[in-house]
Amino acid sequence: MQQIDTLQAVVFDMDGVIFDSERCVQNCWGIVARHFGITDMEQTFYSCLGTNMDRTREILLEVYGTSFPFDRFLGEVSQLYHSRYDGGRLPMKPGVKDLLQYLTDHGKQIALASSTRSQVVVPQLQEAGILPFFHQVVCGDMVSRSKPAPDIFLKACEKLGVLPQNACAIEDSYNGIRSASAGGLRPIMVPDMLPANDEMLSLAEAVLPDLNAVISYLQADFS
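The present account deals with the structure reproduced in this document.

What counts, and at which threshold
Residues numbered from 1 in each chain as written. Predicted model: local features only at pLDDT ≥ 70, side-chain atom pairs only at ≥ 80, totals over all residues. Heavy atoms only, no water. Core = buried A, V, L, I, M, F, W, Y, C linked by side-chain atoms within 4.5 Å. Buried < 20%, exposed > 50% of the residue type's maximum accessible area, 1.4 Å probe, protein only. Contact = heavy atoms within 4.5 Å. 1 Å grid on protein atoms, 1.4 Å probe; cavity = no way out; pocket = protein on both sides within 12 Å on 5 of 7 lines; lining within 4 Å. Points joined across faces, edges and corners; volume = space filled by probe spheres on them. Helix = DSSP H or I, 4+ residues; strand = E, 2+ residues; numbered from the N terminus. Salt bridge = Lys/Arg side-chain N within 4 Å of Asp/Glu carboxyl O. Axes fitted to C-alpha atoms, helices over the stretch in contact; angles between N-to-C directions. Parallel < 35°, antiparallel > 145°, perpendicular 65-115°, else oblique. Left-handed = near helix turned anticlockwise from the far one by under 90°. Nonpolar A, V, L, I, M, F, W, Y, C, P; charged D, E, K, R; others polar. Pairing = 2+ DSSP bridges. Right-handed = clockwise from strand over helix to strand, strands pointing away.

Regarding the nonpolar core
Core analysis: the biggest nonpolar cluster contains 55 residues, and Phe-12, Ile-18, Phe-73, Ile-130 and Phe-134 have the highest contact counts within it. Ignoring any residue separated from it by four or fewer positions in sequence, one finds Ile-18 in contact with Phe-12, Asp-13, Met-92, Lys-93, Val-96, Leu-112, Ile-130 and Phe-134.

What follows is the structure, given as C-alpha coordinates:
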(Lines give C-alpha, C1' and ligand atoms only; values in the text may rest on other atoms or scores of the structure.)
Protein backbone atom coordinates (compact mmCIF):
# COMPACT_ATOMS: atom_id res chain seq x y z
CA MET A 1 0.00 0.00 0.00
CA GLN A 2 1.27 3.50 -0.81
CA GLN A 3 2.04 5.75 2.14
CA ILE A 4 -0.31 8.69 2.49
CA ASP A 5 2.57 11.21 2.33
CA THR A 6 2.80 10.45 -1.40
CA LEU A 7 -0.82 11.47 -1.88
CA GLN A 8 -0.98 14.38 -4.30
CA ALA A 9 -4.55 14.20 -5.60
CA VAL A 10 -8.02 12.86 -4.98
CA VAL A 11 -10.30 12.00 -7.88
CA PHE A 12 -14.02 11.84 -7.14
CA ASP A 13 -16.83 10.06 -8.86
CA MET A 14 -19.96 12.21 -8.85
CA ASP A 15 -23.22 10.23 -8.82
CA GLY A 16 -23.56 8.34 -5.56
CA VAL A 17 -20.43 9.97 -4.09
CA ILE A 18 -20.95 13.73 -4.27
CA PHE A 19 -24.68 13.72 -4.99
CA ASP A 20 -27.30 11.32 -3.68
CA SER A 21 -28.39 11.07 -7.28
CA GLU A 22 -28.41 7.36 -8.02
CA ARG A 23 -31.58 6.84 -6.01
CA CYS A 24 -33.09 9.80 -7.84
CA VAL A 25 -32.16 8.27 -11.19
CA GLN A 26 -33.43 4.85 -10.13
CA ASN A 27 -36.79 6.39 -9.20
CA CYS A 28 -37.04 8.02 -12.61
CA TRP A 29 -36.06 4.79 -14.37
CA GLY A 30 -38.77 2.94 -12.45
CA ILE A 31 -41.49 5.45 -13.32
CA VAL A 32 -40.59 5.52 -17.02
CA ALA A 33 -40.08 1.74 -17.17
CA ARG A 34 -43.65 1.22 -16.01
CA HIS A 35 -44.82 3.45 -18.87
CA PHE A 36 -42.95 1.08 -21.19
CA GLY A 37 -44.52 -1.98 -19.55
CA ILE A 38 -41.27 -3.10 -17.91
CA THR A 39 -41.42 -4.21 -14.28
CA ASP A 40 -38.04 -5.94 -13.82
CA MET A 41 -35.53 -3.17 -14.48
CA GLU A 42 -33.87 -2.95 -11.04
CA GLN A 43 -31.03 -5.39 -11.72
CA THR A 44 -30.44 -3.87 -15.14
CA PHE A 45 -30.17 -0.45 -13.50
CA TYR A 46 -27.54 -1.76 -11.08
CA SER A 47 -25.56 -3.15 -14.01
CA CYS A 48 -25.48 0.32 -15.53
CA LEU A 49 -24.17 2.09 -12.43
CA GLY A 50 -20.89 3.84 -13.14
CA THR A 51 -21.09 3.42 -16.91
CA ASN A 52 -21.40 6.05 -19.63
CA MET A 53 -24.25 6.51 -22.09
CA ASP A 54 -22.82 4.20 -24.74
CA ARG A 55 -22.30 1.34 -22.33
CA THR A 56 -25.74 1.89 -20.83
CA ARG A 57 -27.20 1.60 -24.32
CA GLU A 58 -25.33 -1.68 -24.89
CA ILE A 59 -26.57 -3.15 -21.60
CA LEU A 60 -30.21 -2.23 -22.21
CA LEU A 61 -30.16 -3.61 -25.75
CA GLU A 62 -28.49 -6.80 -24.51
CA VAL A 63 -31.19 -7.28 -21.85
CA TYR A 64 -34.32 -6.09 -23.67
CA GLY A 65 -33.42 -6.73 -27.29
CA THR A 66 -32.23 -4.59 -30.16
CA SER A 67 -35.70 -3.19 -30.73
CA PHE A 68 -35.74 -1.55 -27.28
CA PRO A 69 -36.41 2.20 -27.80
CA PHE A 70 -33.33 3.34 -25.90
CA ASP A 71 -33.31 6.97 -27.02
CA ARG A 72 -36.97 7.49 -26.18
CA PHE A 73 -36.60 5.72 -22.84
CA LEU A 74 -33.52 7.69 -21.74
CA GLY A 75 -35.05 10.87 -23.13
CA GLU A 76 -38.09 10.48 -20.89
CA VAL A 77 -35.91 9.56 -17.91
CA SER A 78 -33.76 12.65 -18.50
CA GLN A 79 -36.75 14.95 -18.83
CA LEU A 80 -38.29 13.64 -15.60
CA TYR A 81 -34.98 13.77 -13.72
CA HIS A 82 -34.16 17.34 -14.71
CA SER A 83 -37.69 18.53 -13.99
CA ARG A 84 -37.31 17.23 -10.44
CA TYR A 85 -33.68 18.00 -9.56
CA ASP A 86 -32.32 20.89 -11.62
CA GLY A 87 -31.82 24.29 -10.02
CA GLY A 88 -29.81 23.09 -7.04
CA ARG A 89 -32.43 20.59 -5.87
CA LEU A 90 -30.17 17.56 -6.23
CA PRO A 91 -29.28 16.39 -2.71
CA MET A 92 -25.61 16.29 -1.79
CA LYS A 93 -24.06 13.55 0.29
CA PRO A 94 -23.12 14.47 3.87
CA GLY A 95 -19.54 15.65 4.26
CA VAL A 96 -18.93 16.70 0.63
CA LYS A 97 -17.99 20.31 1.29
CA ASP A 98 -16.03 19.44 4.43
CA LEU A 99 -13.93 16.88 2.55
CA LEU A 100 -13.34 19.19 -0.42
CA GLN A 101 -12.31 22.01 1.92
CA TYR A 102 -10.07 19.67 3.90
CA LEU A 103 -8.23 18.56 0.76
CA THR A 104 -7.93 22.16 -0.44
CA ASP A 105 -6.52 23.26 2.91
CA HIS A 106 -3.88 20.51 2.64
CA GLY A 107 -2.88 21.54 -0.87
CA LYS A 108 -4.16 18.45 -2.67
CA GLN A 109 -5.21 18.43 -6.30
CA ILE A 110 -8.90 17.58 -6.80
CA ALA A 111 -10.51 16.16 -9.93
CA LEU A 112 -13.84 14.70 -10.95
CA ALA A 113 -14.10 11.55 -13.05
CA SER A 114 -17.78 11.01 -13.80
CA SER A 115 -19.32 8.72 -16.41
CA THR A 116 -22.10 11.29 -16.82
CA ARG A 117 -21.76 13.61 -19.81
CA SER A 118 -20.29 17.06 -19.30
CA GLN A 119 -23.45 19.03 -20.17
CA VAL A 120 -25.03 17.51 -17.04
CA VAL A 121 -22.00 17.38 -14.74
CA VAL A 122 -20.83 20.99 -14.92
CA PRO A 123 -24.22 22.63 -14.23
CA GLN A 124 -24.84 20.29 -11.29
CA LEU A 125 -21.48 21.20 -9.72
CA GLN A 126 -22.15 24.88 -10.38
CA GLU A 127 -25.64 24.78 -8.87
CA ALA A 128 -24.25 23.06 -5.76
CA GLY A 129 -21.58 25.75 -5.41
CA ILE A 130 -18.66 23.30 -5.48
CA LEU A 131 -17.27 23.59 -9.02
CA PRO A 132 -14.40 25.91 -7.91
CA PHE A 133 -12.97 23.13 -5.73
CA PHE A 134 -12.15 21.01 -8.79
CA HIS A 135 -8.91 21.57 -10.68
CA GLN A 136 -10.04 19.23 -13.47
CA VAL A 137 -13.39 17.74 -14.53
CA VAL A 138 -13.38 14.67 -16.78
CA CYS A 139 -16.72 13.31 -18.00
CA GLY A 140 -17.98 10.23 -19.76
CA ASP A 141 -18.14 11.92 -23.15
CA MET A 142 -14.43 12.78 -22.96
CA VAL A 143 -13.15 9.20 -23.09
CA SER A 144 -13.81 6.38 -25.53
CA ARG A 145 -14.06 3.54 -23.01
CA SER A 146 -16.42 3.57 -20.03
CA LYS A 147 -15.72 2.37 -16.53
CA PRO A 148 -14.68 -0.36 -15.62
CA ALA A 149 -11.92 0.50 -18.13
CA PRO A 150 -9.40 2.82 -16.42
CA ASP A 151 -9.43 5.52 -19.10
CA ILE A 152 -11.35 8.21 -17.22
CA PHE A 153 -9.19 7.99 -14.10
CA LEU A 154 -5.99 7.92 -16.13
CA LYS A 155 -7.12 11.01 -18.04
CA ALA A 156 -7.94 12.80 -14.78
CA CYS A 157 -4.46 12.03 -13.41
CA GLU A 158 -2.85 13.12 -16.67
CA LYS A 159 -4.71 16.43 -16.63
CA LEU A 160 -3.71 16.98 -12.99
CA GLY A 161 -0.11 16.09 -13.74
CA VAL A 162 0.13 13.36 -11.10
CA LEU A 163 1.01 9.68 -11.26
CA PRO A 164 -1.98 7.37 -10.68
CA GLN A 165 -0.31 5.73 -7.68
CA ASN A 166 -0.17 9.16 -6.02
CA ALA A 167 -3.94 9.67 -6.31
CA CYS A 168 -6.90 8.31 -4.37
CA ALA A 169 -10.17 7.60 -6.13
CA ILE A 170 -13.40 8.00 -4.17
CA GLU A 171 -16.03 5.68 -5.67
CA ASP A 172 -19.30 4.04 -4.77
CA SER A 173 -19.96 1.66 -7.67
CA TYR A 174 -18.41 -1.67 -8.53
CA ASN A 175 -17.49 -0.45 -12.00
CA GLY A 176 -15.88 2.64 -10.51
CA ILE A 177 -13.72 0.68 -8.09
CA ARG A 178 -12.72 -1.69 -10.90
CA SER A 179 -11.80 1.30 -13.05
CA ALA A 180 -9.69 3.00 -10.38
CA SER A 181 -7.94 -0.23 -9.46
CA ALA A 182 -7.17 -1.03 -13.10
CA GLY A 183 -5.69 2.45 -13.48
CA GLY A 184 -3.35 2.01 -10.53
CA LEU A 185 -5.01 4.60 -8.29
CA ARG A 186 -5.72 3.98 -4.63
CA PRO A 187 -9.46 3.13 -4.56
CA ILE A 188 -11.53 4.14 -1.54
CA MET A 189 -15.07 2.80 -1.67
CA VAL A 190 -17.93 4.65 -0.02
CA PRO A 191 -20.85 2.33 -0.86
CA ASP A 192 -24.13 3.87 -1.94
CA MET A 193 -26.74 1.57 -3.49
CA LEU A 194 -24.73 -1.65 -3.40
CA PRO A 195 -22.64 -2.90 -0.47
CA ALA A 196 -19.01 -3.90 -0.85
CA ASN A 197 -18.76 -7.54 -1.92
CA ASP A 198 -15.70 -9.77 -1.75
CA GLU A 199 -14.36 -8.39 -5.04
CA MET A 200 -14.64 -4.81 -3.81
CA LEU A 201 -12.99 -5.67 -0.52
CA SER A 202 -10.07 -7.12 -2.45
CA LEU A 203 -9.74 -4.13 -4.83
CA ALA A 204 -10.34 -1.20 -2.48
CA GLU A 205 -7.70 0.16 -0.13
CA ALA A 206 -10.52 1.00 2.28
CA VAL A 207 -14.30 0.69 2.46
CA LEU A 208 -15.75 3.56 4.50
CA PRO A 209 -19.33 4.38 5.51
CA ASP A 210 -19.42 8.03 4.39
CA LEU A 211 -17.34 11.02 3.33
CA ASN A 212 -16.84 12.16 6.91
CA ALA A 213 -15.10 8.85 7.49
CA VAL A 214 -12.86 9.61 4.50
CA ILE A 215 -11.74 12.79 6.27
CA SER A 216 -10.95 10.78 9.39
CA TYR A 217 -9.15 8.14 7.32
CA LEU A 218 -6.92 10.75 5.70
CA GLN A 219 -6.43 12.74 8.91
CA ALA A 220 -4.85 9.75 10.61
CA ASP A 221 -2.12 9.74 7.98
CA PHE A 222 -1.73 13.49 7.48
CA SER A 223 -0.91 13.98 11.16
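Observations concerning the layout of surface pockets
Estimated volume of the largest pocket: approximately 680 Å³. In terms of lining residues, the largest pocket is bounded by 32 residues, among which Asp-15, Val-25, Thr-51, Thr-116 and Arg-117 are the most central. Sorting the residues of the lining of the largest pocket by element identifies α1 (22-35), α2 (42-48), α3 (53-64), α4 (70-85) and α6 (118-127) as the ones contributing at least two each. By volume, the second largest pocket amounts to about 170 Å³.

Concerning the pattern of salt bridges
Going through the model one piece at a time under the given rule, you end up with 13 salt bridges. For Arg-23, the salt bridge identified is with Asp-192, shortest N-O distance 2.5 Å. Of this pair, Arg-23 sits in helix α1 while Asp-192 sits in the loop between β5 (186-189) and α9 (198-203), placing them 169 residues apart in sequence. A relative accessible area of 36% means that Arg-23 is categorised as partly exposed. For Arg-72, the salt bridge identified is with Glu-76, shortest N-O distance 4.0 Å. Here Arg-72 pairs with Glu-76, and both are found in helix α4, just four residues apart, close to one helical turn. By relative accessible area, which is 51% here, Arg-72 ends up exposed.

Points about the packing of α1 against α4
In a packed pair of helices, the relevant descriptors are the angle between the two axes and the axis-to-axis distance. It is the contact of α1 with α4, at a shortest axis distance of 9 Å, that shows an interaxial angle of 130°. Judged on the interaxial angle alone, α4 and α1 are oblique. The handedness of the crossing between α1 and α4 comes out as right-handed. Contacts between α1 and α4 pair Cys-24, Val-25, Asn-27, Cys-28, Trp-29, Ile-31, Val-32, Ala-33 and His-35 from the former with Phe-73, Glu-76, Val-77, Leu-80, Tyr-81, Arg-84 and Tyr-85 from the latter. Here the contact of α1 with α4 is composed, by residue class, of twelve nonpolar, two polar and two charged.

Details of the sheet that holds strand β1 (residues 9-12)
Read from one edge to the other, the open sheet built from six strands follows the order β3-β2-β1-β4-β5-β6, with strand pairing classed as parallel. The sheet is open, and its two edges are formed by β3 (136-139) and β6 (206-207), each paired on a single side. Judged from the four bridges that link them, β1 and strand β2 (residues 109-114) form a sheet pairing that is parallel. Looking at β2, one finds that Val-11 is bridged to Ala-111. The strands touched by α6 are β2 and β3; relative to β3, the strand with the most contacts, the crossing angle is about 145°.

Looking at the pairing of β1
By the alternation rule, side chains of β1 split into Ala-9 and Val-11 and Val-10 and Phe-12, which are all buried. Where β1 meets strand β4 (residues 167-171), four bridges bridge the pair, whose relative direction is parallel. Directly across from Val-11, in β4, lies its bridge partner Ala-169.

As for the pairing of β3
The sheet contact formed by β2 and β3 spans four bridges and is parallel. Counterpart to Ala-111 in the pairing with β3 is Gln-136. One crossover worth recording links β2 to the parallel β3 by way of α6, and it is right-handed.

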